[in-house]
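A closer look at the structure
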Amino acid sequence: MSFRKAYRRYRTLWVSLIACAAFLALAVWGWGVSLEELAGFFGAAAVLLVGLILGAALLGYVLFKLRQMRDK
């Protein structure tokens, strides 16, 4: 695989990450958002994401058990 194909494959990911980092830097530098506030928002997003993952895992487990009960 050539460098060009590998670069094209992951280009969207890196552009998105750089754009996100630039937006967060602009929020801190230009709009006066404190780093503590930014960390709080990041923590809240992480907690919500973990809750969503746990909820999906619980729902998958319940559906798995219901299928097992139906097959008996």
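For the structure given in this document, a descriptive report is provided here. Every chain's residues receive numbers from 1 upward, in the order its sequence appears when written. Local features in this predicted model are restricted to residues whose pLDDT is 70 or higher, and side-chain atom pairs enter the listing and the counts only when it is 80 or higher, whereas totals over whole chains, interfaces and linings include all residues. Note that water and hydrogens are dropped before the side-chain values are worked out from all heavy atoms of the structure.

1. Let's talk about the overall build of the chain
Per the secondary structure count, the chain includes two helices and zero strands. Exposed residues in this analysis have more than 50% of their type's maximum accessible area, buried residues have under 20%, and partly exposed residues fall in between, with area computed by a 1.4 Å probe over protein chains only. Counting over 72 residues, the chain shows a buried share of 1%. Note that accessible areas follow from Shrake-Rupley with a 1.4 Å probe, and for residues the cover is restricted to the protein chains shown. Accessible area for the chain stands at about 6,800 Å²; split by element, carbon and sulfur atoms hold 73% of it. Only DSSP runs of H or I covering at least 4 residues are called helices, and only runs of E covering at least 2 are called strands; the numbering of each starts at the N terminus.

2. Topic: a nonpolar patch on the surface
Residues Leu58, Leu59, Tyr61, Val62, Leu63, Phe64, Leu66 and Met69 make up a contiguous nonpolar surface patch of roughly 850 Å² in combined accessible area. With respect to the secondary-structure elements, leucine 63 resides in helix 2 (residues 35–71). For leucine 63, a relative accessible area of 48% corresponds to the partly exposed category. Patches here are clusters of residues that have more than 30% relative accessible area and form no salt bridge, with a 9 Å joining cutoff for like charges and a 5 Å cutoff for nonpolar side chains (Val, Leu, Ile, Met, Phe, Trp, Tyr). Salt bridges, as used here, are contacts in which a Lys or Arg side-chain nitrogen is within 4 Å of a carboxyl oxygen on Asp or Glu.

3. Some remarks on the packing of aromatic side chains
Any aromatic ring pair is given by two values, namely how distant the centres are and how the planes are angled relative to each other. To pair, rings of Phe, Tyr and Trp, with the six-membered ring standing in for Trp, must have centres within 6.5 Å; the planes then decide the type, stacked if under 30 degrees apart, edge-to-face if over 60, and tilted in the middle. Applying the stated criterion across every chain, the model contains one aromatic pair. Centroid distance phenylalanine 23 to tryptophan 31: 5.7 Å. Interplanar angle 70°. Geometry classified as edge-to-face.

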